[in-house]
Every structure is written in C-alpha cells, then in structure tokens.
Amino acid sequence: MMGSNLKNLVWLLCLSLAFVGCDRESVSSVDPGSEAKSESREQSDTAQAELTPVATQAVAVNDWLPPMQVPVDNLSSEQKVALGEKLFADPLLSLDQSMSCSTCHDRESGWSNGQSFAEGVNGQPGTRNSLSILNVGLYDKGLFWDGRVLTLEQQALKPIFEKTEMAMDSESTLLERLNSHPDYPALFGAAFDDGVTIANVARALACFERTIVVRETAYDRYVRGDKTAMSKSAIRGLKIFSNPRRANCISCHPAPMFTDQQYYNIGVGMDKKDYDMGRHHVLGWGSFGKFRSPSLRGIDQSAPYMHDGSLPTLEEVVEYYDRGGIRHKYTDTAVQRLRLNDQQKKDLVEFMRQGLAEIKE
Ligand code: HEC
Ligand code: HEC
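Residues numbered from 1 in each chain as written. Chains lettered and ligands numbered in written order. Predicted model: local features only at pLDDT ≥ 70, side-chain atom pairs only at ≥ 80, totals over all residues.

**Q** Residue-level account of the pairing of strand β3 (residues 68–71), with values.
**A** Burial of β3 is two-sided: the residues Met 68 and Val 70 facing one way and the residues Gln 69 and Pro 71 facing the other way are all buried. When strand β2 (residues 55–59) meets β3, the two strands line up antiparallel, connected through four bridges. Looking at β3, one finds that Val 59 is bridged to Met 68. (Buried ≥ 20, exposed ≤ 12 C-beta atoms within 10 Å, placed from the backbone. Helix = DSSP H or I, 4+ residues; strand = E, 2+ residues; numbered from the N terminus. Pairing = 2+ DSSP bridges.)

**Q** Explain helix α12 (residues 232–242) to me, and be specific about the residues and the numbers.
**A** Inspection of α12 places Ala 234, Gly 237, Leu 238, Ile 240 and Phe 241 among the buried residues, and these make up the whole buried set. What you see down the axis of α12 is that its buried residues fit within an arc of 165°, all on one side. On its buried face, α12 sits against α11 (218–223) and α15 (342–355). (Arc of directions from axis to C-beta. Contact = placed C-beta atoms within 7 Å.)

**Q** A description of the site of ligand 2 should follow, citing residues and the corresponding values.
**A** Around ligand 2, the structure places 26 residues, and the nearest of them are Cys 249, Cys 252, Val 268, Tyr 305 and His 307. It is helix α14 (residues 314–322) that contributes the most residues to the shell around ligand 2, four residues altogether. Residues belonging to the shell around ligand 2 are distributed by class as follows: 19 nonpolar, six polar and one charged. (Near = placed C-beta within 6 Å. Nonpolar A, V, L, I, M, F, W, Y, C, P; charged D, E, K, R; others polar.)

**Q** Can you break down the nonpolar core residue by residue, with the values?
**A** Of all hydrophobic cores here, the largest spans 80 residues; its most connected members are Met 166, Met 168, Ala 202, Ala 204 and Leu 205. Ranked by residue count, the leading element in this core is helix α10 (residues 198–209), at nine residues. Taken domain by domain, this core gets at least three of its residues from each of domain 1 (2–209) and domain 2 (218–355). Apart from the residues lying within four places of it in its own chain, the contact partners of Ala 204 are Lys 80, Leu 83, Gly 84, Leu 87 and Ala 191. (Core = buried A, V, L, I, M, F, W, Y, C linked by C-beta atoms within 7 Å. Domains from an automatic or database assignment.)

**Q** An account of the site of ligand 1 is needed here, citing residue identities and associated values.
**A** Near ligand 1 you find 28 residues, and of these Cys 101, Cys 104, Phe 144, Trp 145 and Pro 159 are the closest. Only α6 (101–104), α7 (152–161) and α10 provide two or more residues apiece to the shell around ligand 1. At five residues, the largest contribution of residues to the shell around ligand 1 is made by α7. The class makeup of the residues in the shell around ligand 1 is 18 nonpolar, six polar and four charged.

**Q** Lay out α15 with the relevant residues and their values.
**A** Spanning 14 residues, α15 covers 19 Å between terminal C-alpha atoms, matching the ideal 20 Å at 1.5 Å per step. Those residues of α15 that fall on the buried side of the exposure criterion are Lys 345, Asp 347, Leu 348, Val 349, Glu 350, Phe 351, Met 352 and Gly 355. (Expected span 1.5 Å × (residues − 1).)

**Q** Go over the environment of Arg 210 with me, naming the residues and quoting the values.
**A** Mapped onto the secondary structure, Arg 210 falls in the loop between α10 and α11. When sequence neighbours within four positions are dropped, the list of residues in contact with Arg 210 reads Met 68, Val 70, Ser 76, Gly 137 and Leu 152.

This is the structure in structure tokens:
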C-alpha cells in the first residue's frame, strides 16, 4: 500500500529553494514548542537544532492539491517511509512500552483516537483532542491546534518525550532500545547514511506522515466535471457551504484543502471558566481561544470534533454553527446564527460526509 502511495508522489523539480520565510519567523520568534520543552526530561536541544529546516522543496501530490513543502534535507524514500511506518506503530517509543503514536493516531479512527481527549502513559490526562494526522503534510504554516511547531520533523520528537504522552525519560534510553533491536539498526542503515540517531527517528516519522493524505474525494471528481460523483443532497450542501449569504463555511475552510490554515475563535469551549487559550499561548495578545481551522478532507473519519472533542458528530457540528456557536466577547463575528432548515442541515452534513470522504482505489 505504501509503495503505491509513494508512486503517487510525483517529484517536482524544485523551482527555487523556497526559504521557509516569514511563516517560520513568526513561529520561531516565539520559541516553538516551549511548553512541550519545559515538560520534557533529558531531551537535548541538539536533535531539535538539527531538525530546524533551512529550506524546503515543493513536492507535488496530484493535480488538484497544493504541493507539500518538504525540508530539502529530508526528501522521501521508500526506506524512510517503511521505517517511519514501523516506528509510528511501535510502543518501544514510550517509556513503559505501552503506547505508540498509533494509540492516539489510529488509522481505524481517522488517524485520531475516537475520544474527546488524549490520554498518555498510565492514564495521564491530556488537555486536547488528538488531532487527526490525515492531510498533515499539507499544512505548511504551523502544526498543532495552536500552530506552535512548523515542521513534522520538529514535531515528531515532542510526544515521545512529553510527560503526559509517551514519557520517554532520555534520548539515551531510546537509542539503546533501537540499537539493541533485531531490525532497527539495519532499517535505519538502509534509510540514512548516519544510521540510528534521534534526529533520524523524527525524519522517518515525518516521511511516513506525509503519505497520509486524502488524495481524492467525490468533490474533486465533481469539480473536474463528473457531475454524478456527488449525490444531489451533497451538491446542495456544497452550495450552502460556499454561499456567502448562507453558511459561508468556505471563508475559513476553502477548497481544495478545506482549510485556510488560519486561526479563529469560533466559540468552542468559551463557556468554560478556564477555557483553553489556544493560539494565545504561542502569539500572546489578540489570539484568545483561537485554533487552527482544520482541513475537512476526510472529516467523516475523525470524530469527535473540535480541539476539546466536544462535538461527537457532523450533525452536531452543523447544529453548533447553526445556533451561532458559543457567544463570547472573543468569538469571531463570522460565526452567526444561520437559521438553516432541517433539509439544509442534512445537505451540509451530506456534503462533508459524502462529498469530502476519501475515495480509495
Ligand atoms: C497520548 C496521545 C498522543 C500520542 C501518543 C501521540 N500524539 Fe500526536 N497528538 C496528540 C494530541 C492531543 C495532539 C494535538 C495537540 C495540540 O494541538 O496541542 C497531537 C498532534 C499531533 C500532530 C499535529 C497534527 C496537525 O494537524 O497539526 C502530529 C503531526 C502528531 N501529533 C504526530 C504524532 C507522532 C509522530 C507521535 C508519535 C511519536 C504522536 N503524535 C503521539 C496526541 C498524541
Ligand atoms: C470563522 C472561521 C470559520 C468558519 C466560518 C467556519 N469554521 Fe469550521 N472551524 C474553524 C475553526 C477555527 C475550527 C476549530 C475550532 C476549535 O477546535 O476550537 C473549525 C472546526 C470545524 C470542524 C471540526 C474539525 C475537526 O477536525 O475537529 C468542522 C467539521 C467544521 N469546522 C465545519 C464547518 C462548517 C460546516 C462551517 C459552516 C457552517 C464552518 N466550519 C465554518 C473555523 C471556521
């Protein structure tokens, strides 16, 4: 399966080495991942420094999705993807060997975990809904609900050393485990010149994650001219979704990714006394309760929804927007009562469920 995914990645000659530029500046100036770093134990800064991207290359996915921005020092290969896939599912990466990345990002649960909140080793509570990693390679302006990290390479080590997640106590423990494993030394050797290193763990995981994309949906076929690809109800739903005088979802979830990768406060959780301040942790004033608008490609797979997992179904998401969300002085004024009738609500759900579902060949 991975082989065919890989073949689908058509390598573009890099037009020019695009520096990560202003996006990187805005994120790195506030010390990305500072929260995570203070929680982690003996993780040295060396691996993270090694993973800071210098330049990225645009790699085409297909004709209708934007290209992925891949760090030039970690272009994909079949060996890296295979190693990353194995590491992703391996509990060896957690201190007590009880959980892997897949525990919270399970293929069967839309690469999320089907629960409102993530739970770390020993049932340590997390504070946010496991983000689905479907389409994650397409985000080039910031990862996590609050955009505190820029690249998948930089992100990958954080959950491993995070106390409330996999809680690994030191880099040397992890290196020891990998080096004494029957398969890993050879697999790392095949994938990287310098074999088993902490930075290479991150690089392999990132290469695997970039293969997890909803490449084709009924919507893509519909806009390419196949008018029968979407059901009648989904076509009506698309119109409600896109109409500035109806639901206008498109203003924050524009095609083809169905996200603009910007941060908004749509009111979720704002009725709680100590609400999650989201992007405020990263940027400070002006970002209270803002979260990244998620891609809706394949959204039917990754319930429950929102950063706090508070909405169990797409029907409930539509009801939430229809009543104008949770009003609060920081809630975006774009979120207003919609007064959709029952059929319009059904059509909107049908568009997301049928129109944006992944079509697997
Ligand atoms: C205990 C549960 C848990 C484990 C284990 C875990 N994650 Fe996550 N992951 C989360 C949660 C929760 C978030 C959202 C956190 C936030 O936004 O603050 C997340 C977010 C992410 C994101 C960002 C996605 C996006 O769209 O921006 C990536 C990538 C990711 N995880 C990869 C991994 C990898 C790789 C591993 C294994 C090394 C891993 N995760 C292990 C719970 C987990
Ligand atoms: C003002 C920008 C904005 C508008 C307008 C908007 N959204 Fe969202 N959407 C967001 C943000 C931001 C989130 C994440 C919010 C959070 O978790 O706190 C989100 C989350 C979602 C989710 C859950 C995604 C997930 O992975 O959990 C769905 C589904 C969704 N929106 C659909 C819609 C639909 C349908 C409409 C139109 C009725 C709409 N959105 C209008 C910004 C917007």
